[in-house]
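Chain by chain, the residues:
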Amino acid sequence: MIALLEPGMVVRHPGMPGWGLGQVQSNIGGRVTVNFEHAGKVVIDSKQITLERVFGH
């Protein structure tokens, strides 16, 4: 799933709902940089966290 995340896609962090929606900035070597509404830019290790893609947004 993480390999399918591309820049521009909208995601949500399953363990941090307060962060709001995030837009994928990059996905390099399993490290996904996401710009969240309420948390700013966060680098996610895709081996530890599975981001949830948000459709229709």
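Everything discussed here concerns the structure shown above.
Model, not experiment: these values are computed from the prediction.

Concerning the sheet that holds strand 1 (residues 10–12)
Here comes step 1: An order of 4-3-2-1-5 is seen for the five strands of this open sheet, with the pairing classed as antiparallel. Looking along the sheet, the strands with just one partner apiece sit at the ends: strand 4 (40–45) and strand 5 (52–53).
Here comes step 2: Across two bridges, strand 1 lies against strand 5 in antiparallel orientation. Along strand 5, the bridge assignment pairs Val11 with Arg53.

Section: the nonpolar core
Soluble, globular proteins show a tendency: their nonpolar side chains are buried together.
Here comes step 1: Leu5, Met9, Val11, Val24, Val32, Val34, Phe36, Val42, Ile44 and Leu51 together form the largest nonpolar core, which totals ten residues.
Here comes step 2: Counting residues per element, the ones that place at least two in this core are strand 3 (31–36) and strand 4.
Here comes step 3: For this core, the element with the highest residue contribution is strand 3, accounting for three residues.
Here comes step 4: Discounting chain neighbours no more than four positions away, the residues touching Val24 are Leu5, Glu6, Pro7, Gly8, Met9, Val11, Val32, Thr33 and Val34.

Some remarks on the pairing of strand 3
Here comes step 1: One ladder, built from six bridges, connects strand 2 (residues 22–28) with strand 3; its direction is antiparallel. Residue pairing in the sheet places Gln23 in a bridge with Asn35 of strand 3.
Here comes step 2: Bridge count for strand 3 against strand 4 is six bridges, and the pairing is antiparallel. What sits directly across from Asn35, in strand 4, is Lys41.
Here comes step 3: In this structure, the hairpin formed by strand 3 and strand 4 is closed by a connection of three residues.

Observations regarding the side chain of His13
Here comes step 1: Structurally, His13 can be placed in the loop between strand 1 and strand 2.
Here comes step 2: Here Gly15 takes part through its backbone nitrogen, which lies 3.0 Å from a polar atom of the side chain of His13.
Here comes step 3: Apart from residues lying up to four places away in sequence, His13 is in contact with Trp19, Phe36, Ile44, Ile49 and Leu51.

Thresholds, definitions, all that
Residues numbered from 1 in each chain as written. Predicted model: local features only at pLDDT ≥ 70, side-chain atom pairs only at ≥ 80, totals over all residues. Heavy atoms only, no water. Pairing = 2+ DSSP bridges. Helix = DSSP H or I, 4+ residues; strand = E, 2+ residues; numbered from the N terminus. Core = buried A, V, L, I, M, F, W, Y, C linked by side-chain atoms within 4.5 Å. Buried < 20%, exposed > 50% of the residue type's maximum accessible area, 1.4 Å probe, protein only. Contact = heavy atoms within 4.5 Å. Polar contact = N/O pair within 3.5 Å; in protein donor to acceptor, adjacent residues only side chain to side chain.

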